[in-house]
Amino acid sequence: MAAITASMVAELRAKTDAPMMECKKALTEADGDMGKAEEILRVKLGNKATKAAARITAEGLVAVSISADGKQGAIIEVNCETDFVAKNDEFQALTKTCADLVAKNNPADAVALSALPMGEGTVESTRTALVGKIGENMSIRRFVRVEAKGRLVSYIHGGAKIGVLLDLVGGDEQLGKDLAMHIAASKPKALNADGVPAELLETERRIAIEKARADNKPEAMLEKIAEGTVQKYLKDVTLLAQVFVKAEDGKQTIEQLLKAKGASVASFTLYVVGEGLEKRSNDFAAEVAAQAAAAKN
């Protein structure tokens, strides 16, 4: 009997996207023969997971879970390949259950979450089985768990394509709802200037200087122009500096609104499905046509 090593199991999993234990069983059954083990798994999975494992997952859902007392909660993004699958009941159930598990168990990362119990197996075995059943890749992209300083408020928009988890200290239910909706609409990058990555500010500064030079502005004015551009950028991307979307005068900032309500925001998380990911460029009709053409060759 051939020795089944961890590296062999990892290699087979990379090829098939099957659960670790299934890979080990298949390798044992195949006496270490990688090709035979892959065939065994393909029989079990209908050959779907293997084909799906390398495909881009830029669609999907955001889900939120909050405890009854509003003190603990989580927000998660789980991706798939197409919006059609994002509307699938089983995929939606997987996403929501994952959010609940994050809120309850506080896993360190996606690997730890994948190992948690779900149904008759684990999150990973449930995900892999669903990949095999539907024939489309799925992945847990990111999540955040929050221990609230105040109480948690959430907002889900656009068919669960945008999600917000907000930790509001003070204020009332309506204020929390308004703020969460504002975040979903205005998409701030941080609570205040301290939370904006330095590289983003440096990029804005550099672009402002180059643009001013192209406009033949005096060298002595470039730094001042750049600083003005950075400050304007911060007003656009920091929550406290943004103008409240429901402001009657069109001028009241979130900071002013919170001060008037005797409240503050401890933190917020905004997820937009697929943000920063490469989207599939081909549509379903084009994919079918390409497969038909390939079959003729």
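Description of the structure in this document.

1. Here's the deal with the overall build of the chain
So, point 1. Looking only at helices and strands, one finds 13 helices and eight strands in the chain.
So, point 2. Taking all 297 residues of the chain together, 41% fall into the buried category.
So, point 3. Considering only contacts in the chain between residues 6 or more positions apart, those separated by 24 or more positions represent 63%.
So, point 4. Split by element, the accessible area of the chain, about 16200 Å² in all, is 54% carbon and sulfur.

2. What about the pattern of salt bridges?
So, point 1. Taken as a whole and judged by the stated rule, the model has 16 salt bridges.
So, point 2. For the salt bridge of Glu77 with Arg142, the shortest nitrogen-to-oxygen distance reads 2.6 Å. With Glu77 in strand β2 (residues 72–80) and Arg142 in strand β5 (residues 138–147), this pair connects stretches of sequence that are 65 residues apart.
So, point 3. Residue Glu77 is classed as buried on the basis of its relative accessible area of 0%.
So, point 4. The partner of Lys161 in a salt bridge is Asp83, with the nearest N and O atoms 2.8 Å apart. Placement of Lys161 in the loop between β6 (151–157) and β7 (162–169) and of Asp83 in helix α5 (residues 83–86) is noted, with a sequence separation of 78 residues between them.
So, point 5. The exposure class assigned to Lys161 is buried, which follows from its relative accessible area of 19%.

3. Overview of the sheet that holds β2
So, point 1. Taken in spatial order, the three strands make up an open sheet running β1-β2-β5, and their pairing is antiparallel. Only two strands of the sheet have a single neighbouring strand rather than two, namely β1 (59–66) and β5. Taking the axes of each pair of neighbouring strands and ignoring which way they run, one obtains an average angle of 10 degrees across the sheet.
So, point 2. Sheet analysis places β2 next to β5, joined by nine bridges and oriented antiparallel. Paired with Gly73 across the two strands is Val146, which belongs to β5.

How each quantity is defined
Per-chain numbering applies: the sequence of each chain, read as written, is numbered from 1 onward. In keeping with the predicted nature of the model, local features appear solely for residues at pLDDT of at least 70, side-chain atom pairs appear and are counted solely at 80 or more, and the whole-chain, interface and lining totals rest on all residues. Side-chain numbers come from the whole structure's heavy atoms, not from hydrogens or water. Numbering goes from the N terminus for both helices and strands, where a helix is a DSSP run of H or I of at least four residues and a strand is a run of E of at least two. Burial classes follow relative accessibility: with a 1.4 Å probe on protein chains only, a residue under 20% of its type's maximum area counts as buried, one over 50% as exposed, and anything between as partly exposed. Residue contacts are counted whenever heavy atoms from the two residues lie within 4.5 Å of one another. What sets the accessible areas is the Shrake-Rupley method with a 1.4 Å probe; for residues, cover comes only from the shown protein chains. What makes a salt bridge here is a side-chain nitrogen of Lys or Arg within 4 Å of a carboxyl oxygen of Asp or Glu, nothing more. In this description, strands pair whenever DSSP reports at least two bridges between them. Axis angles are defined between N-to-C directions and span 0 to 180 degrees, where every axis is a line fitted to C-alpha atoms and, for a helix, only to the segment in contact.

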